Amino acid sequence: MAQQHGIIVLFDVENALRTRSLDGNTYWFDNMKFLGSTGEGTGDLVTIVPGTYFLDGSQATEQVLNWLPAALGAIPPTVPRNYLAERERAHDQRTLQQLAALGGEGEASGAELTRLKQRVGRRPRKQAGGRGLTATKLLDVTGSTTTSAAAYNYPAPVITDITGQAVSEKIIYPAQYGSPDMVYDGWYWAATVDTSRPGVYPYTMHVQLHELVEQNNELVWQSVDLTCESSLKITSDPKRNAFTGAGLGVLPLPAFPPAG
Amino acid sequence: MKQKVSIVVMVDAVGALSDRTLHNGNISLIDDSVAGSRHQGTPDLITAVVPGQVVQWTPIHVDVQTPVEIQAIEFLPGAAVPPPADSDDPAVPPAPPAPAYPVEPPPAVPAPDATGSNGHENHDLLVWEGVVPYSMVPGVPYRYRLSLKLHEGPNSVLHIDSPALLRV
């Protein structure tokens, strides 16, 4: 059976934004180590793609690659996609209740009002003319609002393209697909592989990260486009009969029939 | 007569590895024989075959990202064996339930070499198919041990002894 290769790319977003480079800030991992992938958990992953063909030369299995980005210190990708919006609304409701309680009797102290103001958090804007990010509040990884620049949660990294030798030589055909999966925002990058040409083929992944900057007294998410490299090692071997080790033969039934 | 009978082995790899068994609904065997197979969709599939037909086994993994391959298919021998030891002796643990016919330990079948060109074992290289011999006795189920390899590691191989081929 063809295998589905899962390739996780983990980004150290904060470090990558600081150094403006993904070098040393990506950690690649796939599920094919047992068939010869090397560099698991490093920036130098070589993903094995074991191709097989029938003895008449026709392609026997198709291999499928799936790339999934993840971010260090981010909200786990396993929570539903509306997590941020839900947490934001819950926070607003609780703050409104507390505000109403304050106005009920006596005078609200300045300290309490300041505390509530802190609670409301800050809402960064989209970049002018930019697309993609909805203007949610700054939340930390626990889903609480925050005004601290040190504790907020970066938006998930977005793969925007896959190029390079493996693509230009038509070894892989990457594309972005939609799925009803609530994880990964329902979008993911996948590719089928032409396993008829063994060799090592590098490819480049284009990634968009988002940086929070202060602009005209407003917080703005600015996109930062970076690239990183990985490669595929494609092998190709003929299929053979498992009973004979070569071609088709009779089944190895026992010499004496089972007693009926 | 159909030229080829396909047996599909559907495996819930995550379920099988969690339970450490291919029972409990973790495996389902289905064939496309038109000669009257029995127990379709269960681990006890008895596939009706005719001599000269090619039988082919194909694994399908329900969770597509857990590799499942056939590790071995060994037909269980049918030679007579002595009856089980006297179970009245309290020192002797009770004998396991008798199989449908006497079973000896499987013969030493050389494991198929599944090594690929990169030096790693890849059972995807093996095609599990063979011709039904004319020496097969009609009306008797020939049971076989189906061993499956789920990913890798010391606990990756699980087997069942219940499926069979039956010449009609």
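As the structure is a prediction and not an experimental result, all values here were calculated from the model.

What counts, and where the lines are drawn
Residues numbered from 1 in each chain as written. Chains lettered and ligands numbered in written order. Predicted model: local features only at pLDDT ≥ 70, side-chain atom pairs only at ≥ 80, totals over all residues. Heavy atoms only, no water. Domains from an automatic or database assignment. Pairing = 2+ DSSP bridges. Helix = DSSP H or I, 4+ residues; strand = E, 2+ residues; numbered from the N terminus. Axes fitted to C-alpha atoms, helices over the stretch in contact; angles between N-to-C directions. Contact = heavy atoms within 4.5 Å. Buried < 20%, exposed > 50% of the residue type's maximum accessible area, 1.4 Å probe, protein only. Polar contact = N/O pair within 3.5 Å; in protein donor to acceptor, adjacent residues only side chain to side chain. Salt bridge = Lys/Arg side-chain N within 4 Å of Asp/Glu carboxyl O. Nonpolar A, V, L, I, M, F, W, Y, C, P; charged D, E, K, R; others polar. Patch = residues over 30% accessible without salt bridge, like charges linked within 9 Å, V, L, I, M, F, W, Y side chains within 5 Å. Areas by Shrake-Rupley, 256 points an atom, 1.4 Å probe, with all protein chains shown as cover. pLDDT = per-residue confidence, 0-100. Phe/Tyr/Trp six-rings, centres within 6.5 Å; stacked < 30°, edge-to-face > 60°.

Engineer: Whenever I open this one, the domain arrangement of chain A confuses me. Can you help?
Structural biologist: Reports often express the size of an interface as the amount of accessible area lost when the parts come together. As assigned here, chain A comprises domain 1 (3–74 + 157–209 + 223–235) and domain 2 (82–118). The centre of domain 1 of chain A, based on its C-alpha atoms, is set 45 Å off from the matching centre of domain 2 of chain A.

Engineer: Please explain the sheet that holds strand 4 (residues 63–71) of chain A as it appears in this structure.
Structural biologist: The pairing of strands in a sheet comes from backbone hydrogen bonds and takes either a parallel or an antiparallel form. All names here are of chain A. One open sheet accounts for five strands, arranged 2-1-4-8-7; its pairing is mixed. Looking at strand neighbours, the two that pair on one side only are strand 2 (26–30) and strand 7 (172–178), the edges of this open sheet. For this sheet the average axis-to-axis angle between neighbouring strands, irrespective of direction, equals 25°.

Engineer: I'm lost on the environment of Asn66 of chain A in this one. Help?
Structural biologist: If you trace the backbone, Asn66 of chain A turns up in strand 4. Separated by 108 residues in sequence, Asn66 of chain A and Pro174 of chain A place their C-alpha atoms 9.2 Å apart. With sequence-adjacent residues up to four places away left out, Asn66 of chain A is seen in contact with Gln4, His5, Gly6, Ile7, Tyr188, Trp189 and Ala190 of chain A together with Gln65 of chain B.

Engineer: What exactly am I supposed to notice about the environment of Asp63 of chain B here?
Structural biologist: Residue and element names in this part refer to chain B. Assignment of secondary structure puts Asp63 in the loop between strand 4 (54–61) and strand 5 (68–75). Judged by relative accessible area, Asp63 falls into the partly exposed class, the value being 27%. Distance from Asp63 to Val131, taken between C-alpha atoms, is 31 Å for residues 68 residues apart in sequence. Within polar-contact distance, the side chain of Asp63 engages the side chain of Thr66 at 2.5 Å.

Engineer: Explain the pattern of salt bridges to me, please; I cannot follow it from the model alone.
Structural biologist: Side-chain pairs of opposite charge can arise whenever the charged atoms involved come near each other. Overall, the coordinates contain six salt bridges over all chains when judged by the stated rule. Where Asp124 of chain B meets Lys239 of chain A, a salt bridge forms, and the shortest distance between an N and an O atom there is 3.3 Å. Taken together, the residues span two chains, with Asp124 of chain B in the loop between strand 5 and strand 6 (126–131) and Lys239 of chain A in the loop between strand 10 (218–238) and strand 11 (240–241). Of the two residues, Asp124 of chain B and Lys239 of chain A, neither departs from the other in class, the shared state being buried. Lys2 of chain B is the partner of Asp32 of chain B in a salt bridge, and the nearest nitrogen-oxygen pair spans 3.4 Å. Separated by 30 residues along the polypeptide, Asp32 of chain B in the loop between strand 2 (27–31) and strand 3 (46–49) and Lys2 of chain B in the segment before strand 1 (4–11) bring together distant segments of the chain.

Engineer: It is not clear to me how the side chain of Ser162 of chain B should be interpreted in this structure. Could you clarify?
Structural biologist: All names here are of chain B. Checked against the element boundaries, Ser162 lands in the loop between strand 8 (157–160) and strand 9 (164–167). By relative accessible area, which is 15% here, Ser162 ends up buried. Separated by 3.2 Å, the side chains of Ser162 and Asp44 make a polar contact. Excluding its chain neighbours within four sequence positions, the residues that come into contact with Ser162 are His23, Pro43, Asp44, Arg143 and Tyr144.

Engineer: I would appreciate a short explanation of the interface of chain B and chain A in the present structure.
Structural biologist: Facing the 46 residues of chain B at the interface are 38 residues of chain A. If you look at where chain B meets chain A, you find one salt bridge. Applying the counting rule to chain B against chain A returns 10 residue pairs in polar contact (both at pLDDT 80 or more). Residue assignment for the side of chain B that touches chain A shows that the elements contributing at least two residues are strand 4, strand 5, strand 6 and strand 7 (141–150) of chain B. Residues that form the side of chain B that touches chain A fall into these classes: 29 nonpolar, 11 polar and six charged. Both strand 11 of chain A and strand 6 of chain B contribute to a ladder of two bridges, which runs parallel. The partner of Arg240 of chain A across the bridge, within strand 6 of chain B, is Leu126 of chain B.

Engineer: In this structure, what is going on with a nonpolar patch on the surface? I would like to understand it.
Structural biologist: All names here are of chain B. A surface patch of nonpolar side chains, amounting to about 290 Å² of accessible area, comprises Met10, Ile30, Ile60 and Val62. Within the fold, Met10 resides in strand 1. Here Met10 falls in the partly exposed class, since its relative accessible area comes to 33%.

Engineer: For this particular structure, what's the right way to read the confidence of the model for chain B?
Structural biologist: Should pLDDT be low for a region, the predicted coordinates there are not to be read in detail. All names here are of chain B. Looking at chain B, pLDDT values average 85 and 82% of them are 70 or higher. Confidence drops under pLDDT 50 across residues 80–87; counting only partners more than four residues distant or on other chains, this segment forms seven contacts. Every residue in residues 92–96 scores below 50 in pLDDT, and together they form two contacts with partners more than four places removed in sequence or on other chains. For this predicted complex, the interface score ipTM comes out at 0.80, alongside a pTM of 0.80.

Engineer: I keep staring at the packing of aromatic side chains and nothing clicks. Help me out?
Structural biologist: Any aromatic ring pair is given by two values, namely how distant the centres are and how the planes are angled relative to each other. If you walk through the whole model with that rule in mind, you get nine aromatic pairs over all chains. Relative to Tyr203 of chain A, the ring of Trp28 of chain A lies with its centre 6.1 Å away and its plane at 75°, an arrangement referred to as edge-to-face. Here Trp28 of chain A, found in strand 2, pairs with Tyr203 of chain A, found in strand 9 (residues 199–215); they are 175 residues apart in sequence, far enough to count as distant. Judged on exposure class, the residue Trp28 of chain A and its partner Tyr203 of chain A are both buried. Geometrically, the ring pair formed by Trp57 of chain B and Tyr144 of chain B is edge-to-face, given 5.4 Å between the ring centres and 80° between the ring planes. Of the two residues, Trp57 of chain B is situated in strand 4 and Tyr144 of chain B in strand 7; the sequence distance between them amounts to 87 residues. Considered together, Trp57 of chain B and Tyr144 of chain B belong to a single accessibility category, that of buried residues. Grouped by ring-pair contacts, the aromatic residues Phe243 of chain A together with Trp57, Phe75, Trp128 and Tyr144 of chain B constitute a single cluster.

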